[in-house]
Structure formats: C-alpha cells, structure tokens
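Listed below, chain by chain, are the residues.
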Protein chains: 2
Amino acid sequence: MTASDTFLAQAAALLGPRGLTSDPDLMTPWLTDWRGRFTGRALALASPASTEEVAGLVKLCAAHGVPIVPQGGNSSMSGGATPDEEGGSLLLSLRRMNAIREVDGEGRKATCEAGVVLQTLHEAVAEAELRFPLTLGGKGTATIGGLISTNAGGGQVLRHGSMRAQVLGIEAVLADGSVFSQLTPLKKDNRGFDLKQLLIGSEGTLGVVTAATLRLLPAVADRVVIWAGLPSLKAARALLLYCEDAIGEAVEQFEVMPQSCLEAVIAYLPDARAPLAEPHAWHALIEVVADRTSADGLRERCETAMAEAFERALVEDATFAASEAQAEAFWLLRESIAPAERARGAAVQHDISVPVERMPEFVEAAVPEIEAAWPGTEAIAFGHLGDGNVHFHVIAPAGTAMSWAAGQGKEISHQVHDLVTRWGGSISAEHGIGQLKRDELARLGDPVALDIMRRVKAALDPAGLLNPGKLI
Amino acid sequence: MTASDTFLAQAAALLGPRGLTSDPDLMTPWLTDWRGRFTGRALALASPASTEEVAGLVKLCAAHGVPIVPQGGNSSMSGGATPDEEGGSLLLSLRRMNAIREVDGEGRKATCEAGVVLQTLHEAVAEAELRFPLTLGGKGTATIGGLISTNAGGGQVLRHGSMRAQVLGIEAVLADGSVFSQLTPLKKDNRGFDLKQLLIGSEGTLGVVTAATLRLLPAVADRVVIWAGLPSLKAARALLLYCEDAIGEAVEQFEVMPQSCLEAVIAYLPDARAPLAEPHAWHALIEVVADRTSADGLRERCETAMAEAFERALVEDATFAASEAQAEAFWLLRESIAPAERARGAAVQHDISVPVERMPEFVEAAVPEIEAAWPGTEAIAFGHLGDGNVHFHVIAPAGTAMSWAAGQGKEISHQVHDLVTRWGGSISAEHGIGQLKRDELARLGDPVALDIMRRVKAALDPAGLLNPGKLI
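Rules used throughout
Residues numbered from 1 in each chain as written. Chains lettered and ligands numbered in written order. Predicted model: local features only at pLDDT ≥ 70, side-chain atom pairs only at ≥ 80, totals over all residues. Heavy atoms only, no water. Buried < 20%, exposed > 50% of the residue type's maximum accessible area, 1.4 Å probe, protein only. Helix = DSSP H or I, 4+ residues; strand = E, 2+ residues; numbered from the N terminus. Pairing = 2+ DSSP bridges. Least-squares fit on C-alpha atoms with pLDDT ≥ 70 in both. Contact = heavy atoms within 4.5 Å. Axes fitted to C-alpha atoms, helices over the stretch in contact; angles between N-to-C directions. Polar contact = N/O pair within 3.5 Å; in protein donor to acceptor, adjacent residues only side chain to side chain.

A. A look at the pairing of strand β18 (residues 389-395) of chain A. Residue and element names in this part refer to chain A. A large share of β18 lies buried, amounting to 7 of its 7 residues. The side-chain alternation of β18 yields two buried faces, one formed by Asn389, His391, His393 and Ile395 and the other by Val390, Phe392 and Val394. Relative to β18, strand β16 (residues 347-353) runs antiparallel, the two sharing 7 bridges. When the sheet's bridge partners are listed, Ser353 is paired in β18 with Asn389. Of the strand pairs in this sheet, strand β17 (residues 378-384) and β18 are connected by 7 bridges, and their pairing is antiparallel. Looking at the pairing, Phe382 lines up with His391 of β18. Connecting the antiparallel pair β17 and β18 is a turn made up of 4 residues, with Gly388 showing a positive phi of about 65°.

B. The relation of the copies chain B and chain A, seen in detail. The operation relating chain B to chain A is a screw motion whose rotation component is 180°, with 0.0 Å of axial translation and a residual RMSD of 0.0 Å. These values place the two chain copies in the arrangement generated by a two-fold rotation axis. Interface overlap between copies: 100% of the residues of chain B at the interface are likewise at the interface in chain A, consistent with a symmetric, same-surface contact.

C. Here's a closer look at the sheet that holds strand β1 (residues 20-21) of chain B. All names here are of chain B. Pairing in this open sheet of 4 strands is mixed, and the strands run β1-β2-β4-β3 from one edge to the other. The strands lining the two open edges of the sheet, one partner per strand, are β1 and β3 (68-71). Note: strand β2 (residues 44-46) against strand β4 (residues 90-93), 3 bridges, orientation parallel. By the bridge assignment for β4, Ala46 is matched with Leu92. Of the strands in this sheet, β2, β3 and β4 touch helix α3 (residues 51-64), which is tilted by about 165° from β4.

D. Just the side chain of His393(B), in detail. Residue and element names in this part refer to chain B. Relative to the elements of secondary structure, His393 occurs in strand β18 (residues 389-395). Owing to a relative accessible area of 7%, His393 belongs among the buried residues under this scheme. A polar contact of 2.4 Å, which involves the side chain of His393, links it to the side chain of Glu341. Setting aside chain neighbours within four positions, we find His393 in contact with Glu341, Val348, Gln349, His350, Glu378, Ala379, Ile380 and Phe382.

The following block contains the structure:
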C-alpha cells in the first residue's frame, strides 16, 4: 500500500461509499473550471455529508500532508476551485451539504449549509415572503460556501453590499480540523478580532466554510425598471447621483453599457429590440424596488424624478418597463452581454474596479489607450457604475483563433492591470484571484498588504494545505 | 545614558518639542482611564502630527523593544488605552492628528485622521447636509481612531450597524512601522483577505489606526420620537418586530428600560417627568427618521402604525414627542440612566449581548437569578433591544462602600459572564475587552477562536509591542 492508498482507505472509511470516489467518470466534470480554462487532477473527490465529516477529513489530510481544494458549484471565474495538474490534492466538494437548516422569518435570517445553491435559497425564502438580496448569473450552480469564500458581488451591491454584508454568522473547518463555529449571530459582539471577516473572501485558503447564517430582507412588493439613453458615462454617473438623491435608497441597481454592446446583444438575441427608438452613446438600466412599507407611490415618485431629470437634461431619453414581461426583457439584454460577446470569438475579460467617482474618466481613457496599443481589437466596458466596477473586455480582431487569449491576450491583460493599478483600482472587483490572477496580484499588489496576507496564511495554515496555489 | 534615555532622545528628535513629553503634569491626565479604574505609568507621552511620524515612531519602538499603548480620547470603557504600572511603555496619543481631510458630499464619504473627535465629525458633515450615522455618550471626547479600534456601537446599530459598517477605508501603522494604506475606498475589491476588517475592533493590538474614510448618509429631514409603555420585555420585542414590519427601515432606534430605571432617573433629574401617566413594567423609546426622499407622511405613517399597535394590544400606552424639545427630553431620560445609577452608589456594570430573539427570556431569567444569589442587590437591564444588547447592572445594597465593586462585585461579574456564555452570548457587546475583561475572555472564550486570535497576533506583532496586556 502506498502512502496515498493508506490515506484514501482511511478517507473512505470515514466518509462511506457516497462520500469518496476516484472514478474518473465521476471526477472529470469537476476537474475543469466552468469556463474551461483550467484542468487539474486529484487523488479523489470527497463529498462529506456533515461538518463533522469535513472536520475529520481535514484532520486526516493534515496528518497525511494531503492538500485540499474546496469546491462549491465549480463556477469560479478565476479557477479558484480547480486543483493543479500534479494530482496530489483531494478535491473536497461541499455539494452534499445542501440543507437549509432554518429560515427565521421573524429574525429575518436563514442558516444554510455550504452546498446550498443560491437559487434554492432564493426560492426557499420567497415562501416566507422574504428575499436574499444578492444574485448573479451563476445562481443556478453557485453555492453559499463558494459565494462566501469569494465574497461574491452582483448588481445589488449598489444598495445592499457584497456577500460580506449578508453574512451574519459562519461555521468553518480550519487547517487543523478544528471547527470555528459562530453560526448564532450576535448583532453586537466585541470579543476581539472578527474572524468571520477573515474567512469571507479568503477563497478557501484559511478554512473550509461549512455553513452560514445569512440576513434576509422583506420581499419586494413593487419594482420599477427604467431604461435610459445617455450621451456619456459621465452623464450616466450624474443621473445615478440624481436618482439616489431624488428617489433615495429604493434605487437598487444601476447598470451601464455602451451602444456597441447593446447592438451586439440585439444581433445575438432572436426577437430582441432596443428599448429606445434612437441610439445613444451609453445606456443605463435602473431598477428601483420597494418592500410593503415603502411601495406606496413608488412608480409615481420614479416618474416625477425622471420627468425632472429630463427637464434638467440629465437624460436624453428614457422608458419605463410597462409590465413584468418587459422588465424581464430589459434585464435579458443586460444579461446577454457576455454570451453575445462569447459568440463573437476570442476575447479577454477583466473584472476591475476603480474609485467610484473616477469610473467615467477611467473608461474614457482606457478604451482608446488599449485599442491604440493593440490595433484591430475592440475594448468595451460595461457593468456596475455605482460600484466603480467595470467589466472591461478586449475583443480580438474578427477571425482570430481562440488561442489568442493565451498569447497576445495575456499581454493585453497585463497592460489593463497596470492601467487599473495606476488609477488606484483593483484587478479583481468581484471574481477573486484564484489561480487566474495570482501572479498578477503578486506583481501589482501592495507589498504591505501582501506581506500581512502571507503572515496570516502561514499562521493559520502553516503546512499550506488549504487550496494551495490560489490567491497567495 | 540608559537605553530608555537613548530611545527618548531619538523619539524627541523625530517628533519635535510638541510631539513628546515626559512632564508628569502633562502626562497624568492620560494615565488613568476616564472611569478611574486603571492607572498606569509610561516612559513618555508621544503626540505625533502625521502618519509619517507615527510610522517613524513605531519603527523606533520596534528597534528598541519599547511597547506602545495607542490612545484616542481616553474614553475606553475597558481600560483599553491605559498602560500598565511598569512604566516601560510609550503612551501614543493620536489626538494631534485631528484633520478632517475631506468631506465628499457627492460620494457621501469623509476622510479623517484618527484624532478627530466624533462630535466634530458630526458638525462638519452636517454643514454638507449629511450625517454620520453613529453616536454615543462619549461623542465629545471619543476619537475616530478609538471608535474604529473598538468597533464602537450605540443605539443606531439597529439600523446602520456598528463602526465596522461605517468604515470604507483605513490607514494604519503596523508593528514594524510599515503603513497599510487603503484609504481610497473601492466599493468592490476582491484581492484577498480583507485586512481592514482585521484592524477594526482589534483594540490597537495589530496596528495603530491613523486615518479612515467613513460613509455618510443624507441628513435627517424628519424624526418621530415615541415613548411606549409595555407589560413585559417580550411585549417590547413584539412591538419592535411590528414597527419594523409596519414602518420599515425608518425605525432607527428602539431602546428599552424597566419602570425602576425610569423612576431612578426621574428622582435624579431635576424637573423630569414620566412621559406616560401610568407606570408600566417596561418602557420603549423609539426613534423613526427619514431623509428628504422618504420624509413625506412619516408622522402619519407612525401614527397609523401605533394606532393599529394599540388596537392589537401590542402596547399599553404610547405618546409622540410633540416638539423637538420634548423629543430631547425623552432622550435625556434614556441618557441619564447611567449617571442616575452612579449617584446611587456602588454597582457593577455588564455590557453583554445574547441572540436578539432570546433577550427578553434572558433578562427574565437573569435578574431574579442574580438577585437571589446576592441578597440585597438590585439587578437592572436596559438598552438596545433590537441588537440583543443589554446593559446589565447590579447595584449594591444601599450604603455599601464603593470598594464593593472590586470585591463581591467581581464575583457577581463572573457569575453574570458565566450566565451570558451559557446563553450563547457575548461578555462584551460594545465596550471591547481591553484589560478589564481580558482574563474573562481567556476563561470563557471559544478556544478555537482564541487560538486563531493568538496566531494572528503573533504573526502581525511577533514581539508583542502593540498594546500589550490588552484583549489577548
């Protein structure tokens, strides 16, 4: 028996037949990230069913020096849940831990295990006339554990903050197999460092999140969806500030896209139509929502505000979705930007942020700079204006082979990251670092911050067994 | 020249004549905490004027092995800013760093140095028609650096969260004198561990906060202040849930006190009157606020809600403050609980929290348990119902000497802390650990959490020079 055979036999004994497999057919789907950029190998795929099993398994890994790659829905945008090619790691899936332990309507909170899929949570809390105020494209596969480990974002961050702001309590297994359990939320607790915060966004490098208590909000009672045409991104930001001032906290999402993006989506989607009659340099998709206590007169307030915005020349044109179906159609345009772009061929994507107030200026400077440096490419920027979060994509000249992304595309990415760093921004606004951006973080990150991260990592995972090769 | 003379000479050269003193007259006021519980000694009092000076000083301390005790307004409730009695530490005051660097009305944020006094910030942002949504009794002395280091709370946490939720960016000097600078807030930034979160609430044991960027909200356009009489604390919680359901997020504060508390305050304050005609077992003080976008009809909405609460028997009696003067008079009753109690003589205070939904049950169990165990004492609980945060005070029998607090009072505190720990609560909801509760945290804290804290502390401050003897 080799050392790894011994380890596998002990792991199998611990987890039972449903909890461990090294069958290639069962493992293969989980060894490549969903975008198909990274493929790794693993000793086995472990699927523990409880926190105790995770703890036992992590202890076993610690004893045998086996690295662990935690995985939720395998929808990381940065290869954060894919093992390396050496094959010595254990792939640790949390998907079997998918119980929603409690939905507490009175306390407006839910406790769920790490493997609960986001959409499942949405549906479960809707039954209690509540909502979980975070969503994103991968909601059908992304799990709560993954969302916490990557501090996931999305359009509603504008109003409700990222995943960090939704987590009231956490349970995680640490590198030595001990269980950090702080699931019962205390609204006020000043007993030292907030260790929960350290685990959120640490991409499984400091611990394996096994469960969490999440905050809920009253269900949406009414929503108003507005499409606005604007002459510039600067004008879009002025409109956002005006809306926040005139309509207040009900403004929940404010997404922007240039005309070229809209055109690409319309060409891609069957039967799609532009919401406004004329083209505009920029478009904003605005969602205003209210719960039962504030829904009275919501639409009227929005109409008054937009009429005034029109009078003040803050908007070129605007239309309100007349029905839920039309609201959905507006959102489909926004959500189809990425697939429409993928249909065009090779491209490199950058998920970046700059200080909110500098976003218009940044986009105006960055698009021509990149297009001039790389003739034939098209740079497009769209996304979450209110968060300073730009999805900055550079599309290869038509007909370029897909391998372009790994060659010239990589050089372009370096330049984009240099640029955003010079602007005081982040090379990862939403998607995390994973393995995709690890070297770029080491190259461009603040040395003081990197030094603290390395010290914390070494202190909590001295053997470096938790998600090695990711983040730092 | 002794080693400490050499250190002091170098520190004096670095900081200049205004930046360093060892004159006992100048130092004495800062060597005892404001509650008079702890008195220490120090090599000198350093008052650097800039982040660079703090960094230089911390480097110097590291080179000479001199421990540092950071201090803001010296209003710690836990002796967190008072040096020990050995006299080998440097007292590092941040009070000279009191510039508000920027108030950004458009971006609704302010950047201030650590020594800015809370009330000064309130006044500065009010001029821009904004507000900083956190306040507390010590606002005239507490500094931004201290508030961040202790993750300060207060009544508005119900709606806006504690200091942690207000901090957008931070600048701090670490144990080796390097400067962690993340003042320019990126609304979305997923480049690894959120180190800002680690510094917030770490009581100066991981770094010295030198500046911060804080979020601001639109100014309050209207407020409604309600005093309600209730048969029990359970009824008070039911009323809070009802109000949040009926009035929504405008409910900003919900404070509770028992009849005995109110009577003590009325006896203490000249010319004070009870807001309601009859006595009630419990009283709630409710503040509902709205900014310009949501102020329309606020009072009417509250009146309708309270009328319905009365019909549903959720409240025994209630009255609305008819003027700002009356609103202030209501709040004065709440704010005078502590001084009224101090006037009665010896007492021990506990700043504790339990899971929000268990607070009524906890108070009902804890008050008779403590009073039965310590005959002649009176236990009172009041505070922030919506946060599960109880100020649980045990008053000595009339005529007891003040030294009681350090003797029998200490035993009572142990029992209260045991009790709250059994209920899954926190021995420090708002006030932090400091030196007051350090041993209690070591005795009662979660061993897993304590272990991580000690590892993080050792990783970031291996020589243990930052605020030694506090927290851990």
